[in-house]
Each structure stands twice: as C-alpha cells, then as structure tokens.
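# Observations on chain architecture
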Amino acid sequence: MDDTPPDADLSETVALVTGASRGVGRGIAHELGVGGATVYVTGRSTSDDRTDGLPGTVDGTADLVSEAGGEGVAVVCDHTDDAAVEALFERIEGERGRLDLLVNGVWGGYEGYDDTFDAPFWEQPRERFDAMFDAGVRAAYVASQLAAPLLFESDRALLVNVSAGDGERYRGQVAYDTAKAAVDRMAKGMAHELRAHAVAVLVVYPGFTRTERVMEAMDGEEPEGVESPRYVSRAVAALAGDESVLEKSGGIYRTGGLAREYGFTDVDGSQPAPFDLETPVL
C-alpha cells in the first residue's frame, strides 16, 4: 500500500478525527500520520467491544498513525455523551494547548444494517433517524462547539465535516438525505461565523468507499468503481497543508475534484473522478 508522504509537512499539526475506529475516519487518521501529524482518534470500538462486530478499534487506528510516522492518541469516546466529549477536549487542551484540525467523521444509523435501510420512509424504524441526528449531526455540532476555542489558538485552523452526496441529488433515503444535508448546511453557517477568527470550515464528500461495512454488505466482493478510504484521506491531508485553505471556507468539495486540484491519487495510483449519484435532483 502506498504510504508516500503528502506534499505538505504536517509534523506540527495537532488533529482530532472523530469516528476513527474504521472506515473513512480510520483512513483520514492514517493519512495524517503519514504526514507526521499528532492525531487524536476517537470511537466506541475497543478489542472487547466492537460496533456490530466489525473490524477496527480506536487503539488499532492510533497504532496505525504512529507506525505511519505520526503520533496516534486513542481516546474511547461515545460522541452522544456530552460529558465524555467535554473530557476529550479538556484533555487535548491540557496536553497540547491548541487544535489545528478537527475532522467530524463520526456517524450513526448504520448499526444493525438490514434490508429496511432502503425502505420508504414510512417503513423505516424511527431509531435510525434518531441515530443519524444524535450520533451524526448533533455529534458534529457539539465537537465543533468545543473545538472552536482550541482552533482559535492555531495559526492555520481547519474544521472538516465528512458528508456525502452529489449536488442537489437525492441521497436515496429520507433520514440519510436529511441528516447529510444538515451536516452540509451546518458547515456553511459555521464557516460564516468563524471566518472572522481565521478558521476554515468545509465539507468533503468521499465517493463510493471500500469501508469495512461496505465490504460486509457486499459479502466481501469489491464493487466496481469503489475507492479506498485513503483517497478521501489524501484530500483532507492536502487541505490541511494548504496555506490558502481559508479561501475554500464554506464550500463543499468532492474527493475526485480535489485530487485533480492537488495532484494526489488513490493508493493504487488511479485518480477516480468525482462521484456521481444516479438519483433525482430535488
């Protein structure tokens, strides 16, 4: 697997990646480690208690960051527990005194994934809607609130919301579509309010990504056109190293577009195009 360091030196960067036990969050933490960053990684999964039994733990991700050349710090944290999240940021403040990069990657609603996920909204379990907002939208909001004072202490602060979509196209499921749209809109509002503090806020859209959960749903068979988690991760690393990133604040960026702008590839050397949904424009 290609561990070529990003063009930017991230060795002075203090980052927090939420929801980093596996999937995109794990990939982002890994890539930041390749650049030499100090990365706090959070999630609920430990060796004794993994979400839905899927592979990946916060300790494993932290080790991956350190092995890649950075410093990984594992923090078991349920982002629906405000007290736990407050303790996380108190720890970062006490140990580092600042935060340069927050990546809101934590998400909920996939637990217990089954055939009802793509059912019409009137047949959906309400718990799925609650999980997407509590462990997704609200979790990103609370983390961003608590991160703001630490981001003010950075010389080049960046807040990234990991979302999903394709312009105004429907994301295929009402709860998911509504929650992801909320994440996008929240980033725009935060960008507006944080611009005076020189904190950039933006949204990154991965494409169809080869996460552990996707591979389980596909019975281990890799779908056509799938990207590795490291592709979007390299987008985040490039943004973190961009001295002019404040000019992008408030925007929504797809991985394939950023790959062409910054010149990075996926780990296999390919450069997949920006992901397109085959769904209606609403």
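A brief structural summary. (Residues numbered from 1 in each chain as written. Predicted model: local features only at pLDDT ≥ 70, side-chain atom pairs only at ≥ 80, totals over all residues. Heavy atoms only, no water.)

## Remarks on the pattern of salt bridges
Summed over all chains, the structure comprises 12 salt bridges. Residues Glu95 and Arg91 are paired through a salt bridge, measuring 3.0 Å at the closest nitrogen-oxygen approach. One end of the pair, Glu95, and the other, Arg91, are both in helix H3 (residues 82–96), four residues apart, so they sit about a helical turn from each other. With relative accessibility at 43%, the residue Glu95 sits in the partly exposed group. Note that Arg171 is salt-bridged to Asp177, the shortest N-O span being 3.2 Å. Residue Arg171 is classed as buried on the basis of its relative accessible area of 13%. Bridged by salt links that share partners, the residues Asp166, Arg169, Arg254 and Asp276 form one connected network. (Salt bridge = Lys/Arg side-chain N within 4 Å of Asp/Glu carboxyl O. Helix = DSSP H or I, 4+ residues; strand = E, 2+ residues; numbered from the N terminus. Buried < 20%, exposed > 50% of the residue type's maximum accessible area, 1.4 Å probe, protein only.)

## Section: the environment of Leu64
Here Leu64 is to be found in helix H2 (residues 58–68). For Leu64 and Arg26, which are 38 residues apart along the polypeptide, the C-alpha to C-alpha distance reads 8.8 Å. Sequence-distant contacts of Leu64, defined by excluding residues within four places in its chain, comprise Arg26 and His30. (Contact = heavy atoms within 4.5 Å.)

## What about the sheet that holds strand S5 (residues 157–162)?
On the basis of which strands lie adjacent, the open sheet formed by seven strands has the order S3-S2-S1-S4-S5-S6-S7 and parallel pairing. The open sheet terminates on both sides in strands that have one partner only, identified here as strand S3 (71–76) and strand S7 (252–254). With direction set aside, neighbouring strand axes in the sheet form an average angle of 20 degrees. In terms of strand pairing, strand S4 (residues 101–104) meets S5 through four bridges, oriented parallel. From the neighbouring strand, Val103 faces S5, where its bridge partner is Val160. (Pairing = 2+ DSSP bridges. Axes fitted to C-alpha atoms, helices over the stretch in contact; angles between N-to-C directions.)

## A look at the side chain of Asp266
Position of Asp266 relative to the elements: it lies in the segment after helix H8 (255–262). In terms of polar contacts, Asp266 uses its side chain to reach the side chain of Ser228, at 2.5 Å. In this structure Asp266 touches Glu227, Ser228, Arg230, Tyr231, Arg234 and Pro272, once residues within four positions along its chain are discounted. (Polar contact = N/O pair within 3.5 Å; in protein donor to acceptor, adjacent residues only side chain to side chain.)

## Quick notes on the pairing of S4
Burial along S4 is two-sided: Leu101 and Val103 and Leu102 and Asn104, pointing in opposite directions, are all buried. As paired elements, strand S1 (residues 14–17) and S4 share three bridges and run parallel to each other. Looking across to S4, one finds that Ala15 is bridged to Leu101.

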